Amino acid sequence: MLFGAHCSGGVKKALDNAVAMGADAVQLFVQSPRTWRFPNHDPDDLARFRDRRAETGIAAAAVHALYLVNLATPDDAMYEKSVETMRATVDAACALEADAVIFHVGSHLGAGFEAGLERVVPALAQVLDRCSETTWLLMENTAGAGGTIGRSLDELVTIFDALSRHARLGVCLDSCHLYASGTDVTHRAALDALLADLDARMGLDRLRALHANDSKAPLGSNRDRHDNIGDGLIGEGLGAFIAHPKLQELPVYLEVPGQDGHGPNAEELEKLRDLHARWQ
Ligand SMILES: [Zn+2]
Ligand SMILES: [Zn+2]
């Protein structure tokens, strides 16, 4: 397993922040997470990221798309902005030679899953065209709040099939979102069933990344509230997820608040590694 974290600092600094915290893998944003504005990345900065990654031996790198993106929205202006942002994100991720762009599919905002699907599929088709053999698009499962799409494997498989099992489309599973959407990640049998289902319907090779987060919100609550490793309702049982034998080749990224609210740090990463070791 490759232990990583979402690191602040973007294209210029996230990689060094990951190295400083002792990570094997880095997840980053390629734009400010609070605004739609997409920066013109200096080609030198993109090249430096690739060089530094080779030097430092960071084995996996993923870009997380802007949280504001909503490919399922019925609103045309929001939809256009979302598609444009996803295209720019994939282009930047390809230039970085990142392994993936991880994204939340979005919310149909009450219009219903079918209506949302009609928006998502053509959007993803054109974004997937820009991916490379190295850089895939990974749909992240959601906690299931509101009209968010991706609350179950069924929903992810429906999108996957509607895109004819596109060669560069995969998934990222988030432990907090699984728990909030009703899959008890602390139970080996529940994980075995989920992974067998994923393998049968998509192929386990489509699962390319994990997010390890504890949850402040209860099982099945559909609320997305990340907690630090060991501090939430998943607790020690998160070990069942990260130490599952079928997941050991994957990068796992922390997206925890951190003790100070500044996000993942060396201490959280250490807790994750310790937990993993205890469950071996
Ligand atoms: Zn996540
Ligand atoms: Zn979340």
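Residues numbered from 1 in each chain as written. Chains lettered and ligands numbered in written order. Predicted model: local features only at pLDDT ≥ 70, side-chain atom pairs only at ≥ 80, totals over all residues. Heavy atoms only, no water.

Caption draft 1: Molecular detail of the coordination of the zinc ion (ligand 1). Coordination of the zinc ion (ligand 1) by the protein involves Glu140 (OE), Asp174 (OD), His211 (ND1) and Glu255 (OE), with metal-donor separations of 2.0 to 2.2 Å. Each of the four donor atoms bound to the zinc ion (ligand 1) contributes to angles spanning 90 to 172°, and the resulting shape is irregular. Positions of the donor residues of the zinc ion (ligand 1), expressed as sequence spacing, correspond to E-x33-D-x36-H-x43-E. The zinc ion (ligand 2) is placed at 4.7 Å from the zinc ion (ligand 1). With a gap of 71 residues between them, Glu140 in strand β6 (residues 136-140) and His211 in strand β9 (residues 207-212) connect regions that are remote in the sequence. Given a relative accessible area of 0%, Glu140 falls into the buried group. (Donors = N, O, S within 2.8 Å, 3.2 Å for Na, K, Ca; no water. Tetrahedral: all angles 85-135°; square planar, octahedral: opposite > 155°, others 65-115°. Helix = DSSP H or I, 4+ residues; strand = E, 2+ residues; numbered from the N terminus. Buried < 20%, exposed > 50% of the residue type's maximum accessible area, 1.4 Å probe, protein only.)

Caption draft 2: Examining the nonpolar core more closely. Membership of the largest hydrophobic core comes to 80 residues, with the highest contact counts inside it found for Leu137 and Met139. Within the second largest apolar cluster, ten residues are counted, among which are Ala25, Trp136, Leu138 and Tyr253. (Core = buried A, V, L, I, M, F, W, Y, C linked by side-chain atoms within 4.5 Å.)

Caption draft 3: Inspection of the pairing of β9 at higher detail. Of all six residues in β9, five are buried, a share of seventy percent or more. Here β9 pairs with strand β12 (residues 251-254) via three bridges, running parallel. Its bridge partner being in β12, His211 is matched across the sheet by Tyr253. (Pairing = 2+ DSSP bridges.)

Caption draft 4: Summary view of the coordination of the zinc ion (ligand 2). The coordination sphere of the zinc ion (ligand 2), as far as protein atoms go, consists of His177 (NE2), Asp224 (OD), Asp224 (OD) and His226 (NE2), spread over 2.0 to 2.5 Å. Taken together, the four donor atoms surrounding the zinc ion (ligand 2) define angles of 54 to 137° at the centre, an arrangement classified as irregular. Mapped onto the polypeptide sequence, the residues donating to the zinc ion (ligand 2) form the spacing pattern H-x46-D-x1-H.

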